[in-house]
Amino acid sequence: MRILIADIPILRNVDRPPPQRTTPWSLRQRKFRIRKSSHRVKPTEEWWDRTDPRYLTRQIPLPRLPPHAFASGQPSWRDSIKRGACKRFARLGQRETASALIQQGERRLRVIAILAAYNEERFIAPCLDHFAAQGVETYLLDNESTDRTVEIAERYLGRGLIGIESFPREGVFDLTAQLGRKEELALELGADWFIHADPDEVRLPPRSDKTLAEALAGVDGLGYDAVNFVEYAFVPTKEEPNHDHPEYQRTMRHYYPFLPRFPHRLNAWKRQPERVDLSSSGGHRVEFPGLRAYPEPFKMRHYPFLSAEHFVEKYAGKDYDAAELRTGKHGWRARVDARKIQLPSQSELSVYASDDALDLSNPRTQHVGEDWTAPRKGLPVIVGGCHRSGTSLVRRMLDAHSRIHCGPEVKFFRDFFGDYAEDPLRHIRFATTARHMLPEQDLLEEFGGAFVRSQERAASRAGKPRWADKNPENVLYLRQWTHLLGRRWVFVHVVRNPLDTLASIKEARFPLTIPPDLESRIELYKRYTRVGAKFGDRHPAYYYRIVYERLVEDPEGVLADLMDWLEEDFEPAQLAFNSAERERGLEDPKIRQTTAAHTDSVGRWRKVLTQEEAVQIARECAPLWHRVSGERLADPSGNGSRPPKTMLPRRIASRLRSKLYSWKDRSRIGEPGEEGRAPTPFIVGAGRSGTTLLRLMLDAHPDLAIPPETHFIPEVSRACGKALDNSGDPRRVFLETVTAHRRWEDFKLEKRLLAERIAAIEPFDLGQALRAFYGLYAQRFGKPRWGDKTPPYVRNMGLVGGLLPEARFLHVIRDGRDVALSSMGLWFGPGSVEEAARRWQSAIRESRRQAEDLPHYLEVHYEDLVTDTEATLKGVCDFVDLPWNPIMLEYHETAQKRMDEMRRDVTLPDGETVVSGEQRTGIHALTNRPPQSDRIGRWKTGMAEGDRETFEGIAGETLKDLGYESGFRKQ
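Residues numbered from 1 in each chain as written. Predicted model: local features only at pLDDT ≥ 70, side-chain atom pairs only at ≥ 80, totals over all residues. Heavy atoms only, no water.

Peer 1: Is there a simple way to think about the overall build of the protein chain in this case?
Peer 2: A count of helices and strands for the protein chain gives 37 helices and 27 strands. Across the 971 residues in the protein chain, those meeting the buried criterion constitute 56%. Across the protein chain, every contact between residues at least 6 apart in sequence was considered, and the portion connecting residues at least 24 apart equals 79%. Within the structure as shown, the protein chain displays about 41,400 Å² of accessible surface, and the carbon and sulfur contribution to it stands at 49%. (Helix = DSSP H or I, 4+ residues; strand = E, 2+ residues; numbered from the N terminus. Buried < 20%, exposed > 50% of the residue type's maximum accessible area, 1.4 Å probe, protein only. Contact = heavy atoms within 4.5 Å. Areas by Shrake-Rupley, 256 points an atom, 1.4 Å probe, with all protein chains shown as cover.)

As structure tokens, then:
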């Protein structure tokens, strides 16, 4: 083997001015979208769609750039920015070199991790050791540490650490300045790839068979130029609270995956010709033109603190830059309160077995320390909710407090975005024409800042130290409030029974803000309520929900709880909220005539709505109301919780049935399932009903992975039960049963990794073992959530639900006659029409029998999935609490690759019949195309009349109950 050694100089003190910062690619993209939509932005929509790996892999890679070439002879960054305040340590020597190994014509990449540190003596040595072992060099930016950080780091100079630079602290922690210096270093240092890292992090490749440097070389060779890391946070626990010693990585073995957004840590990147942008995202996501992120995430073990005392020292003892606090850059870390620290229990966390076995399933969206924050006292209060939900009542109660000023509505955001149904003068409004002067984001910052200052001034004039803003639309502009206030505010979300809310809207009539038809009003209610609830899921420390019905039934109790949460004293004057003179302004006229909270408006819908309107509202809004209130919605049809019998068309009747009959949820839908776990979809149904189609659609979501059919849950349940009864080893039995199953090879998993996860379960629990299997499969694709699609589980839903309480069953139903046509003649199909009819009807009846005892069950009609795909999928996403992503509509682009997992021969349970891989994948050939509506009603032309009559004679009542036509006669 020929080995050539080449010297690569480190570019130190390159003399040139700081490169001109260009607008980050993502912001330019955002501005383009705003222009394209005529400045009407939907505040609740994500704009970071380009980070979805399925989109990224379609982007065209940039051409390879020439080696590092820089101008010289101009003032250095040190001179132009800090005027000598940053001194480079002279220990680097006159000229340092690194060796590049050239093997078989390919150069080994040089990777440098740029570390920033302040008093990190606990972490700096393990960090430098780890990067050196991973083939990564390091450069330390020390923020004037007062402990032994620099002393320890000096020992590593020449042993992986290429330099130490002192960065002035100037009394406060200035993250923006540090990130700016890292952006400069990424131009000055001679490396192929860079990693923005902290000493308390352990960066890892996707698999341990390669070093981090080797894995990045592979990414580079494939044409990608950025890598995302999935974070696994290791924390002390109640049982083992102190790991503040050099062996913390060995003793602290409990962790949770942390994924507040995707991507979360996109901060390893290939060298760019211009300055990259780290500052805009606080260092979490690098940005530069043409970025192509590698689809598979790398890993990161994070050790944020080693004990409660260390937590206080690290966060509470830090002085932050005031300007950064106003932008919310440091979030909860700047507001920690030592008195609120409560370490998690080990039962709430995963147990570490190995780096390859790190479990990404059920990630958290906030760190354990986010609830240990400083008091909410004094923070602005933002009140929002659907129109006519009680926000005006809450506003009056808050304003009656001696310390809180909450004036009448000011439609700042609605005017700014021109968010009105009809406005013939929109083109000459100030908010429209001002966009010719400045970009929208700049305008929002200027005028939004003025709006905030006006609120502060109004509160000051009223002699009150705290202000609140009440506006129903606030719930739609929470992202904009965060932009204006950072994380220094709280949100009070008011919700009300949808029947009464929409009845009140019907009476009030707001032509410019409320749509005229009931269907659109229902969507408005759902949008306002769902967006607020999602904010609460993501930011529970800043979110408080008031249910209107409880407020008017017990105003003192509910109000006292609210004030306690706001960390203010309850005042009796708040109950007599109209006794004092109030400011005039935009407000519900009814509230002015009210002397106190009352229950007269509860149940008023019975006098205002027709029964048809009430039934429509109930079937559309019952699940959402249950989610936000924990209560069931009254059934306007008078038939209890069962679906009303109706002669509506099949599609409408089936939707009504699936949404009223199926949403029997004993927990709050949309929040984490049992024990904080994310809801898990289980797709069941009769074979050839469309279960594979729904599986591929959901699996196309970047957050969810659904394996090929498993089939082993009943078998492994029996086997483990026998092992426990006979004092056997259930771990061994589970592993042997699953890995010996005829479907095991479909999953492409390593038995060793599954064994490691099973071994870490103490004590053994079959549900935890199943989660370990599914989580390992999801990890193959870098996805945090998993599901299952196995049609025969339609008869085992009770068993599956008992083992996995977070399971939510999606029963796919298709016209039984089309099912018969599609399945007859297949190796698993019925032998006759009679058998086909009995099988189909039995599956329907058995599922509905079990549904009576299931907390989460939803029927999805194949016909709706094909003809109204997006709306049906959105309903499914709501049911399993999965954010909507349009990539699911493009499932057919990746369907072949997913089906290829099953391209192998399988021997059936009879031990004789062998089904080829071509047969197994061939029956799903149509999934490579968008939904085909011609697959609906094929029985009308493809089924002999005698066969049709036979089928309907057996299952005709079930067909009719599901809304399918019968008695068809060929012309």
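Peer 1: Help me understand a negative patch on the surface in this model?
Peer 2: Among the surface-exposed residues, Glu 553, Asp 554, Glu 556, Asp 561 and Asp 564 lie close enough to one another that they form a single negatively charged patch. The greatest single-element share of the negative patch, amounting to three residues, is contributed by helix 19 (residues 555–565). With respect to the helices and strands, Asp 564 occurs in helix 19. (Patch = residues over 30% accessible without salt bridge, like charges linked within 9 Å, V, L, I, M, F, W, Y side chains within 5 Å. Salt bridge = Lys/Arg side-chain N within 4 Å of Asp/Glu carboxyl O. Lys, Arg positive; Asp, Glu negative; His and termini not counted. Charge placed at Lys NZ, Arg CZ, Asp CG, Glu CD.)

Peer 1: Which parts of the structure should I look at to understand the nonpolar core?
Peer 2: General note: in soluble globular proteins, nonpolar side chains tend to be found buried as a group. Counting 58 residues, the largest nonpolar core has Phe 682, Ile 713, Phe 734, Leu 770, Phe 773, Phe 809 and Trp 840 as the members making the most contacts within it. When residues of this core are sorted by domain, at least three fall in each of domain 3 (675–701 + 787–970) and domain 4 (707–784). Contacts of Phe 734, omitting those with residues within four sequence positions, involve Val 716, Cys 720, Ile 758, Phe 764, Leu 766, Ala 769 and Leu 770. (Core = buried A, V, L, I, M, F, W, Y, C linked by side-chain atoms within 4.5 Å. Domains from an automatic or database assignment.)

Peer 1: Even after reading the chapter, I still don't get the sheet that holds strand 25 (residues 857–861), so can you show me in this structure?
Peer 2: Sheet strands pair via backbone hydrogen bonds, and the direction of the pair is either parallel or antiparallel. The strand order across the open sheet built from four strands is 23-20-24-25, with neighbouring strands paired in parallel fashion. Both outer strands of the open sheet, strand 23 (788–789) and strand 25, are each paired with one neighbouring strand and no more. Sheet topology places strand 20 (residues 680–684) next to strand 24 (residues 807–813); five bridges connect them, and they run parallel. Residue pairing across strands places Ile 683 opposite Leu 810, the latter belonging to strand 24. (Pairing = 2+ DSSP bridges.)

Peer 1: Just checking my understanding: could you explain helix 4 (residues 124–133) for this structure?
Peer 2: Every buried residue belonging to helix 4 is among Ile 124, Cys 127, Leu 128, His 130 and Phe 131, and all of these are buried. The arc that holds every buried residue of helix 4, seen down its axis, measures 160°, which confines them to one face. (Arc of directions from axis to C-beta.)

Peer 1: Would you explain the environment of Asn 228 in this entry?
Peer 2: By the secondary structure assignment, Asn 228 is in strand 10 (residues 226–234). Separated by 69 residues in sequence, Asn 228 and Pro 297 place their C-alpha atoms 5.1 Å apart. Engagement of the side chain of Asn 228 in a polar contact is seen with the backbone nitrogen of Arg 265, the distance being 3.0 Å. (Polar contact = N/O pair within 3.5 Å; in protein donor to acceptor, adjacent residues only side chain to side chain.)

Peer 1: Where do I start with the confidence of the model for the protein chain in this structure?
Peer 2: Close reading of the predicted structure is inappropriate where its pLDDT is low. When pLDDT is averaged along the protein chain, the result is 79; 77% of the residues meet or exceed 70. pLDDT under 50 marks residues 324–328. Its contacts with residues more than four places away, or in other chains, come to 16 contacts. Low pLDDT, under 50, characterises residues 639–675; the predicted model gives this stretch 106 contacts beyond four residues in sequence or across chains. (pLDDT = per-residue confidence, 0-100.)

Peer 1: What is the right way to read the pattern of salt bridges from this model?
Peer 2: Counted according to the given criterion, the structure contains 56 salt bridges. The structure contains a network of salt bridges with shared partners spanning Arg 695, Asp 699, Arg 780, Arg 898 and Glu 901.

Peer 1: Help me understand the sheet that holds strand 19 (residues 543–547) in this model?
Peer 2: Within the open sheet, the five strands sit side by side as 16-17-15-18-19. Their pairing is parallel. Taken across any chain shown, the strands that pair with only one partner, and hence form the sheet edges, are strand 16 (404–406) and strand 19. This sheet shows a mean twist of 20° between the axes of neighbouring strands, independent of strand direction. As judged from the three bridges shared by strand 16 and strand 17 (residues 466–470), these two strands associate in the parallel manner. Bridging across to strand 17, Ile 404 finds its partner in Arg 466. (Axes fitted to C-alpha atoms, helices over the stretch in contact; angles between N-to-C directions.)

Peer 1: I keep staring at the side chain of Arg 814 and nothing clicks. Help me out?
Peer 2: If you trace the backbone, Arg 814 turns up in the loop between strand 24 and helix 30 (816–823). Of the side chains with opposite charge, Asp 818 comes closest to the buried, unpaired Arg 814, at an N-O distance of 4.5 Å. Here Arg 935 takes part through its backbone oxygen, which lies 3.2 Å from a polar atom of the side chain of Arg 814. When sequence neighbours within four positions are dropped, the list of residues in contact with Arg 814 reads Arg 688, Ser 689, Val 819, Ser 822, Trp 840, Tyr 862, Glu 863, Arg 935 and Tyr 964.

Peer 1: Just to check I follow, could you spell out helix 37 (residues 945–961) for this structure?
Peer 2: Helical geometry: 3.6 residues make up each α-helical turn, so side chains three or four residues apart lie on a common side. Ala 955 marks the point of greatest bend in helix 37, at about 80°. Taken together, the buried positions of helix 37 are Arg 948, Phe 951, Glu 952, Ala 955, Gly 956, Thr 958 and Leu 959. Along its buried surface, helix 37 packs onto helix 30, helix 31 (833–851) and helix 36 (939–942). Just past helix 37, the residue Gly 963 takes up positive phi, approximately 90°. (Bend = angle between axes of the 7 residues up to and from the residue.)

Peer 1: Any chance you could explain a nonpolar patch on the surface here in plain terms?
Peer 2: On the surface, a cluster of nonpolar side chains totalling about 400 Å² of accessible area is made up of Phe 430, Met 437, Leu 438 and Phe 447. With a relative accessible area of 36%, Leu 438 lands in the partly exposed category.

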